[in-house]
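Analysis of the macromolecular model
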Amino acid sequence: SMIKTYVIDTNVLIQAPYAVNCFEDNQIVLPVAVLEELDDLKKADGERGANARKAIRILEELRQNADLLAGVGLESGGSLRVEKNFVDVALPPDLPDDKMDNRILKVCKGLAEQLGKNGPDTDVHQSRQVILVTKDILLRIKAQIIGIRAEDFMTEQVPGRDGQYTGRAEVYAPEESFKDFKKKGIPVSAVYMADQDGSCSVPRLWENQFIIVKADQSSRKTVLGRVQGEWIVALDYKKSRPYGVAPRNSGQYFLQEALMQPAEQAPLVIVKGMAGTAKTFYTLAVGLEKLLNNPTGEYRRIIISRPNAQFDTDIGFLPGDEQEKISPLMRPVIDNLEQLIDSCEEKRYEDETALKGKVDEVFDRGLIQAEALNFIRGRSIVRTYLIIDEAQNMTPAQVKGIITRAGKGTKIILLGDPNQIDRNFLDERTNGLSYAAEHMKGSTLCWQITLTADECERSLLAMDAVKRM
């Protein structure tokens with residue numbers, strides 16, 4: 001195949017420092033502008049700085065073996081070089097002169113012209129295809145304007161919205177197989193899926209996948225179960241009412257099951273679903289049940305963390321101590337706690353001070369702590385019910401950092417909606433929540449559930465808006 005020349009933008013290395021090893025046997029070109037940007041970013045706080053330093057170390061190792069300007073061979077069979085030419089390449093006058101972007105575009109255009117001049121046959125290694133790789137959509141559009149092909153960095157991508165793992169399936173089984181369901185379950189080999197055209201197919205089921213099993217004769221008979229080895233087994237916690245909360249739909253039964261399971265059984269729970277599907281509410285209800293109502297000593301505390309672009313790069317801009325700084329992140333959590341701690345809705349707001357006292361007590365006893373994400377990353381966390389809310393705003397590296405540091409007896413719960421991302425350069429396919437969901441599916445240690453639009457428990461207006469907008 002023709003060897004391609006990939007020009008890599010800084011934001012790719014900031015998200016994936018190892019990206020230089022992901023381009024097989026093609027040529028990689030780094031414009032000098034990218035090195036300057038890495039240099040500026042290496043002192044940045046949080047993950048951006050850490051990844052800039054990692055990318056610089058990788059380049060430094062390569063530099064020790066060879067001259068980066070001349071080009072150095074990579075493990076992948078390709079090569080990498082730094083390009084300092086093409087300062088004088090003309091860009092169309094209507095491209096505004098924002099320095100970095102344009103310097104990168106000049107390199108792309110200069111390379112394309114140079115390769116075009118030489119003709120395809122002059123040198124085996126010269127291909128006529130120059131491709132800019134950047135996470136910046138606007139830069140991709142500008143590249144297109146000047147006739148340069150541009151792509152996103154795809155290596156970390158998981159399938160698009162419709163192809164993502166939901167942790168649940170609906171299957172049919174012969175009615176007689178329901179008899180022993182509670183005792184031993186229904187064999188996976190006995191179930192089938194009904195396709196649109198009326199034909200049947202054998203489903204591909206994953207370990208711990210939640211299953212709605214319908215009897216193939218009567219449409220009314222339905223059981224809820226979960227895949228365990230070769231069997232679909234009954235739920236252990238179907239009758240639980242954590243902190244007085246009862247599941248209202250099959251999605252919440254599945255959610256309750258995953259959350260109630262002890263950390264040994266289910267150390268990682270991944271919950272996807274839109275706002276209003278009670279993800280945070282239910283997760284807190286189970287945490288309080290285990291900590292306050294039935295203190296089995298299973299967990300020492302609940303920690304809640306929410307990734308937040310400004311926090312992970314810089315926690316220093318708000319006045320006050322760490323807890324005060326995190327309080328804006330805690331507002332939704334406190335709203336949920338107020339509803340849980342005083343579940344009698346009519347009287348809840350009669351006595352605001354008593355209610356605040358109950359909420360404060362939970363915090364004062366240290367039972368619930370809020371932490372910025374970058375404070376969690378450095379420690380091993382034991383016997384903790386760890387909730388990461390809005391996990392779709394994490395990068396794959398952040399998610400990996402947290403999951404690989406889980407200590408003994410800790411349960412990690414990732415909550416979020418892959419369609420609600422507020423962080424630059426992440427999208428519904430490259431965010432940490434979807435990344436973890438895709439890579440952990442099939443693990444015996446990971447339980448997942450995606451809650452659906454019709455499981456939204458907010459107002460009728462919220463529901464209607466979700467479907468229409």
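Since we're looking at a predicted model, the values are computed, not measured. (Residues numbered from 1 in each chain as written. Predicted model: local features only at pLDDT ≥ 70, side-chain atom pairs only at ≥ 80, totals over all residues. Heavy atoms only, no water.)

Some details on the overall build of the chain
Selection rule: The way it works is that DSSP assigns letters per residue, a run of H or I at least four long becomes a helix, a run of E at least two long becomes a strand, and they are numbered from the N terminus. Only protein chains enter the calculation, and the probe is 1.4 Å; a residue is then buried if its accessible area is under 20% of its type maximum, exposed if over 50%, and partly exposed in between. Throughout, a residue-residue contact means that at least one pair of heavy atoms, one from each residue, lies within 4.5 Å.
For the chain, the count of helices and strands is 15 helices and 19 strands. Looking at the chain as a whole, 49% of its 469 residues are labelled buried. For the chain, the proportion of contacts with a sequence separation of at least 24, taken over those separated by at least 6, is 68%.

Some remarks on the sheet that holds strand S5 (residues 130–133)
Heads up, the rule is: Strand pairing is assigned whenever DSSP identifies at least 2 bridges connecting the two strands.
In spatial order, the strands read S3-S4-S2-S1-S5-S6; together these six strands make up an open sheet with mixed pairing. Every other strand in the sheet has two partners, leaving strand S3 (72–73) and strand S6 (149–151) as the edge strands with one partner each. The pairing of S5 with S6 spans three bridges and is parallel. When the sheet's bridge partners are listed, Leu132 is paired in S6 with Ala150.

Re a nonpolar patch on the surface
Cut-off, in case you're wondering: Nonpolar side chains (Val, Leu, Ile, Met, Phe, Trp, Tyr) are joined into patches within 5 Å and like charges within 9 Å, using only residues with over 30% relative accessible area and no salt bridge. Shrake-Rupley sampling with a 1.4 Å probe provides the accessible areas, and residues are treated as covered by the protein chains on show and by no other component. The working definition used for a salt bridge is a side-chain nitrogen of Lys or Arg within 4 Å of a carboxyl oxygen of Asp or Glu.
Residues Ile137, Leu138, Ile141 and Ile145 make up a contiguous nonpolar surface patch of roughly 410 Å² in combined accessible area. By secondary structure assignment, the location of Leu138 is in helix H5 (residues 137–145).

Focus: the sheet that holds strand S8 (residues 186–187)
Applied cut-off: Lines fitted to C-alpha atoms define the axes, with helix axes restricted to the stretch in contact, and inter-axis angles between N-to-C directions lie between 0 and 180 degrees.
With mixed pairing, five strands are arranged side by side in an open sheet as S7-S11-S12-S13-S8. Of all strands in the sheet, those bounded by a partner on one side alone are strand S7 (168–173) and S8. In terms of strand pairing, S8 meets strand S13 (residues 231–234) through two bridges, oriented antiparallel. Counterpart to Pro187 in the pairing with S13 is Trp231. Against the sheet, helix H7 (residues 250–260) contacts S7, strand S11 (210–215) and strand S12 (222–228), and its axis sits at roughly 135° relative to S11.

Comments concerning helix H2 (residues 32–41)
Put simply, the rule is: Comment: arc refers to directions from the helix axis out to C-beta atoms.
Looking only at H2, the buried set comprises Ala33, Val34, Leu38 and Leu41. Axial view of H2: buried residues confined to an arc of 140°, hence all on one face.

A short note on the packing of aromatic side chains
The test is simple: For Phe, Tyr and Trp, where Trp contributes only its six-membered ring, two rings pair if their centres lie within 6.5 Å, and the inter-plane angle classes them as stacked under 30 degrees, edge-to-face over 60, or tilted in between.
Overall, the coordinates contain seven aromatic pairs when judged by the stated rule. With 6.0 Å between their ring centres and 40° between their planes, Phe23 and Phe153 make a pair best called tilted. You can see Phe23 sitting in the loop between helix H1 (10–15) and strand S2 (27–31) and its partner Phe153 sitting in the loop between S6 and S7, a full 130 residues away along the chain. The pair Phe23 / Phe153 is uniform in exposure class, with both members buried. Their ring planes at 15° and their centres at 4.8 Å tell us that Phe210 and Phe254 sit as a pair that is stacked. Residue Phe210 is found in strand S11, and its partner Phe254 is found in helix H7; the two are separated by 44 residues along the sequence. Phe210 gets classed as buried once you look at its relative accessible area, which sits at 0%. Classification of Phe254 as buried rests on a relative accessible area of 0%. Through successive ring pairs, a cluster of aromatic residues spans Tyr6, Phe23 and Phe153.

Section: unusual backbone geometry
One non-glycine residue with positive phi stands out, namely Tyr243, at about 50°. Tracing the sequence through the fold places Tyr243 in the loop between S13 and H7. On the basis of relative accessibility, which here comes to 17%, the residue Tyr243 falls in the buried class.

What to know about the pairing of strand S19 (residues 446–450)
Of all five residues making up S19, five are buried, and the element is well covered by its neighbours. With five bridges connecting them, strand S14 (residues 268–272) and S19 associate as parallel partners. Paired with Val269 across the two strands is Trp447, which belongs to S19.

What to know about the confidence of the model for the chain
The line we're drawing: Scored from 0 to 100, pLDDT reflects the predictor's confidence in each residue.
Averaged over every residue, the pLDDT of the chain is 83; residues scoring 70 or more account for 83%. Here residues 122–127 scores under 50 on pLDDT; set against residues more than four positions off or in separate chains, the count is nine contacts. Predicted confidence is poor over residues 311–319, with pLDDT under 50, and the contacts of this stretch with residues over four places away or in other chains come to 29 contacts.

Topic: the pairing of strand S15 (residues 301–305)
Most of S15 sits inside the fold, with five of its five residues counted as buried. In this structure, S15 lies alongside strand S17 (residues 384–388), joined through five bridges in parallel fashion. Among the inter-strand pairings, Arg301 is bridged to a residue of S17, identified as Thr384. Note that S15 and strand S16 (residues 368–371) share four bridges and pair parallel.

Some details on the nonpolar core
Short version of the rule: For this analysis, a nonpolar core means a set of buried residues of the types Ala, Val, Leu, Ile, Met, Phe, Trp, Tyr and Cys, connected via side-chain atoms within 4.5 Å.
One finds Val7, Ile8, Leu13, Leu30, Leu80, Leu105 and Leu132 to be the most contacted residues of the largest nonpolar core, which totals 44 residues. If we ignore the near neighbours within four places in the chain, the residues touching Leu132 are Val7, Ile104, Leu105, Cys108, Leu139, Ala143, Ile148, Arg149, Ala150 and Glu151. The next biggest cluster of nonpolar side chains, apart from the first, holds 43 residues, and it includes Ala285, Ile304, Val359 and Ile368.

Looking at the packing of helix H13 (residues 396–403) against helix H14 (residues 432–440)
Applied cut-off: Angle categories: roughly parallel below 35 degrees, roughly antiparallel above 145, roughly perpendicular from 65 to 115, and oblique for all the rest. Crossing handedness is read from the near helix: turned anticlockwise from the far helix by less than a right angle, it gives a left-handed crossing, and turned clockwise, a right-handed one. Each residue is assigned to one class: nonpolar for Ala, Val, Leu, Ile, Met, Phe, Trp, Tyr, Cys and Pro, charged for Asp, Glu, Lys and Arg, and polar for all the others, Gly among them.
It is at 8 Å that the axes of H13 and H14 come closest, and there the two elements cross at 60°. Our classification of the angle between H13 and H14 gives oblique. When the axes of H13 and H14 are compared, the crossing they make is right-handed. Residues Pro396, Val399 and Ile403 of H13 form the contact with H14, whose participating residues are Gly432, Leu433, Tyr435 and Ala436. Split into classes, the residues belonging to the contact of H13 with H14 amount to six nonpolar, one polar and no charged.

Quick look at the side chain of Lys272
The condition that has to hold: For this count, His and the chain ends are skipped, Lys and Arg are scored as positive, and Asp and Glu as negative. The definition of a polar contact used here is a pair of N or O atoms within 3.5 Å, where within protein one atom must be able to donate a hydrogen and the other to accept one, and adjacent residues in sequence count solely through side-chain atom pairs.
Counting through the fold element by element, Lys272 comes out in strand S14. Although Lys272 is buried, it forms no salt bridge, and the closest oppositely charged side chain is Glu438 at an N-O distance of 5.5 Å. At 3.3 Å, the side chain of Lys272 forms a polar contact with the side chain of Gln164. The contact partners of Lys272, leaving out residues within four places of it in the chain, are Gln164, Tyr165, Lys279, Gly416, Pro418, Leu433, Ala437, Ile449, Thr450 and Leu451.

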